[in-house]
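# Residue-level structure breakdown
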Amino acid sequence: MGQKITIEPVTRVEGHGKVTIHLDNEGKIEQTRLHIVEFRGFERFVQGRPFWEMPVLVQRLCGICPVSHHLAAAKALDVIVGAGTGEGLTPTGEKMRRLMHYGQIFQSHSLHFFHLASPDLLFGVDGDPAKRNIIGVALEHRDLAVQGVMMRKYGQEVIKATAGKKIHGTGAIPGGINKHLTEEEREYLLHGDEYMNIDKMIAWSQDALAFFHEYHKKNKDIIDHFAEFPSSHLSLVRKDGALDLYHGVLRAVDAEGKKILHDVDYQEYDRYIDEEVRSWSYMKFPYLKEIGKQAGWYTVGPLARMNTAEFIDTPLAQKEFEQFKQYNGGKPSHKSMHMHWARLIEILHAAEKMKELLNDSDLMEGELVTKGNKLPEGVGLIEAPRGTLFHHYKIGENDMIKMANLIVSTTNNNQPMNEAVNQVAVKVMTGKKEITEGMMNAVEVAIRAYDPCLSCATHALGQMPLEFEVYDASNSLIEKKLKH
Amino acid sequence: MISNKSLLIYGFGNPGRQDDGLGIMLAEELRAWSAENQFAFVHTDSNYQLNLEDAANIAGHDVVVFADASREDIPDFLMEPLKPSGKVEFSMHAVSPAFVIHLCGHVFNAHPQAYLLHIKGYEWEFMAAMTEKAKSNLGLAVEHLKKFISGNFVTFP
């Protein structure tokens, strides 16, 4: 009879995740799964609420990326109020939203790299768990820790200036934005103190990439071969093929880079994408309808965006993009740890974009809102830090929401994360008699590369318990730990 | 009335989840109270949850009071001194107040005196309205903190 090992939850990953690895008597892996164990129905909760509440209401979903939900909901409602699909906003409306979004990308990616990824890179995936965190980084590489803290703070300040406040921001409204950037805010973000100015942010973004390149040179095995598996990739791209994190058309490429979703209008996403329910997980499995449930799954997020885009429209990030493409022979990268590289390129791109926008006078003046004829339905898509985020609403006669469907980034990455977990588990655990802390962390490192937000993916809320369960060979539970 | 110390009251939680917004509400009430009394040494801040950047946000203050809703078995509220802790939380998308002051010490070499004010909450659903009992606990915690500030930080020139 086989034995079952449960690693639960996945530390340093938001929400409640559980990994089960089923071994046979010879230590060979039979099956590996990433389980999501909490569920609350947010989509049902919003039914019957006035549609204009959505950009604020959806921020209750999660305290980690409320800005992405705020903007995706606002984009869907732009359609409903007749302001078009992303291109109908006033220059001020679109640019203020973009600045907010780049601030969100910048702070979220910075948190991931400096707080979650750099400890693994600096101390090794099997390093001492007591050191493998930001405090460990601060003790040995203080400059890196300072950069992480201040880059995160800068992004938060951009959000505050554009969304109006840090909690339940109200900046984006159906059809536009509700404020201009003040001269004082602009000056602070452009030329703040020694640590809080946009040029410093660009310089630090480049430093982070230099750190990564140096590490990559010395650690090709882990960066190039850890959790590597073929996948299709999906994201928004600008109509001319440029990386665009705020708006565009929906493109997917297969493992070889061939287009399999041809730059379609995302208002019709449900013609191309469906979600499969599997009995062992509350999180759905999205797939491309034309290819089918079995092979139609895809990856989203920073790596997917590097694989679908043809170029980047900011010079420093474009240079890095060219290097990335060249390294991968012009083909899509399927290396999970290249996700960190892609994330750093996007940090640099976001910093360059913020500088460009902060020097644009449209932020300080001009019409804020576009008005039009109301429609009964709208879809809003955005490239959130973790990947493509879908918000879809239908309204009834009294302007109340009668249908909501959200596909969040982590749900889009459900199958790739399962593939990554299986890859790593087979590699590090096959034939081993004992499961060590290092092996378990290797599995977690693979999941962390995707930066999943499980509380959001399951539309859950509240405290997530920490559980650790061990089953013996007869499948009986012999140990269970619970922490909060 | 003046103080030569800088005091930060930092509430955190999600006000869209009923009693989870207790810390935020406390910071808001203390902001209004300190403005009314012209206590320029009292500063307030709030967010959904604490994270890395808060090490920078607290570094310039002498005293920090973190305020949060609690679902633990405590009286109506509980205020206790806080010691730095490097303990890694299960989710590093949010960090504990003890972790923030620990990080602040390591990164900025600043060591503000810190307290954690727990306010007991009861309901955590997708609603803005707090429970009546939580509101009552909030009132008690606010009064306690006002006395704490008046008794420890306010002097007469």
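Calculation criteria
Residues numbered from 1 in each chain as written. Chains lettered and ligands numbered in written order. Predicted model: local features only at pLDDT ≥ 70, side-chain atom pairs only at ≥ 80, totals over all residues. Heavy atoms only, no water. Pairing = 2+ DSSP bridges. Helix = DSSP H or I, 4+ residues; strand = E, 2+ residues; numbered from the N terminus. Axes fitted to C-alpha atoms, helices over the stretch in contact; angles between N-to-C directions. Contact = heavy atoms within 4.5 Å. Buried < 20%, exposed > 50% of the residue type's maximum accessible area, 1.4 Å probe, protein only. Phe/Tyr/Trp six-rings, centres within 6.5 Å; stacked < 30°, edge-to-face > 60°. Core = buried A, V, L, I, M, F, W, Y, C linked by side-chain atoms within 4.5 Å. Domains from an automatic or database assignment. Salt bridge = Lys/Arg side-chain N within 4 Å of Asp/Glu carboxyl O.

Turning our eyes to something else, we now look at the sheet that holds strand β14 (residues 401–407) of chain A. All names here are of chain A. The strand order across the open sheet built from three strands is β12-β13-β14, with neighbouring strands paired in antiparallel fashion. Edge positions in the sheet fall to β12 (377–384) and β14, since each has one partner strand and no second. On average, each strand axis in the sheet is inclined to that of its neighbour by 10°, with strand direction left out of account. The pairing of β12 with strand β13 (residues 387–395) spans eight bridges and is classified as antiparallel. Directly across from G380, in β13, lies its bridge partner H391. Relative to β12, helix α3 (residues 66–80) is tilted by about 150°, and along the sheet it contacts β12 and β13.

Our focus in this paragraph is the pairing of strand β3 (residues 63–70) of chain B. Residues and elements named next belong to chain B. In terms of burial, β3 is a largely internal element, eight of the eight residues being buried. Where β3 lies against strand β5 (residues 113–120), eight bridges are found, and the strand directions are parallel. The partner of F66 across the bridge, within β5, is L116.

Attention now moves to the sheet that holds strand β4 (residues 77–81) of chain B. Residue and element names in this part refer to chain B. What the five strands build is an open sheet, ordered β2-β1-β3-β5-β4; its pairing is mixed. Where the open sheet ends on each side, the last strands, each with one partner, are β2 (42–47) and β4. Along the sheet, successive strands turn relative to each other by an average axial angle of 20°, direction set aside. Packing of helix α3 (residues 97–108) onto the sheet brings it into contact with β1 (7–12), β3 and β5, and relative to β3 it is tilted by some 155°. Set on the sheet, helix α4 (residues 132–152) makes contact with β1, β2, β3, β4 and β5; between it and β5 the angle comes to about 155°.

This brings us to the packing of aromatic side chains. Here the distance between the centres and the angle between the planes together describe a pair of aromatic rings. Residue and element names in this part refer to chain B. Taken as a whole, this structure holds 15 aromatic pairs over all chains when the rule is applied. Consider the rings of Y115 and F148, whose centres lie 5.1 Å apart with planes at 75°: the pair is edge-to-face. Of this pair, Y115 sits in strand β5 while F148 sits in helix α4, and the two are 33 residues apart along the sequence. Judged by its relative accessible area of 15%, F148 is buried. Ring plane angle 65° and centroid distance 5.7 Å describe the contact between F148 and F153, whose orientation is recorded as edge-to-face. No difference in accessibility class separates F148 from F153, as the two residues are buried.

On to the nonpolar core. If you look at the biggest cluster of nonpolar residues, it comprises 142 residues, and the most contacted ones within it are F106(A), Y154(A), F226(A), Y393(A), F66(B) and L103(B). Counting residues domain by domain, this core receives three or more from each of domain 1 (3–40 + 414–483) and domain 2 (89–228 + 337–369) of chain A. Residues in contact with Y154(A), not counting those within four places in the same chain, are F106(A), L189(A), M196(A), N197(A), I198(A), M201(A), M354(A) and L358(A). L7(B), V63(B), A69(B) and F153(B) belong to the second-largest nonpolar core, a separate cluster that totals 29 residues.

The next thing to look at is the pattern of salt bridges. Throughout the structure, instances matching the rule amount to 33 salt bridges over all chains. Between D313(A) and R238(A) there is a salt bridge, with its nearest N and O atoms 2.8 Å apart. Of the two residues, D313(A) sits in the loop between α11 (302–308) and α12 (315–327) while R238(A) sits in the loop between β6 (232–237) and β7 (249–253), which places them 75 residues apart along the sequence. E143(B) is paired through a salt bridge with K146(B); the nearest N and O atoms lie 3.5 Å apart. Of this pair, E143(B) and K146(B) are both found in helix α4, three residues apart, which corresponds to roughly one turn of the helix. Each of R238(A), D240(A), D313(A), K353(A) and E356(A) takes part in a single network of salt bridges with overlapping partners.

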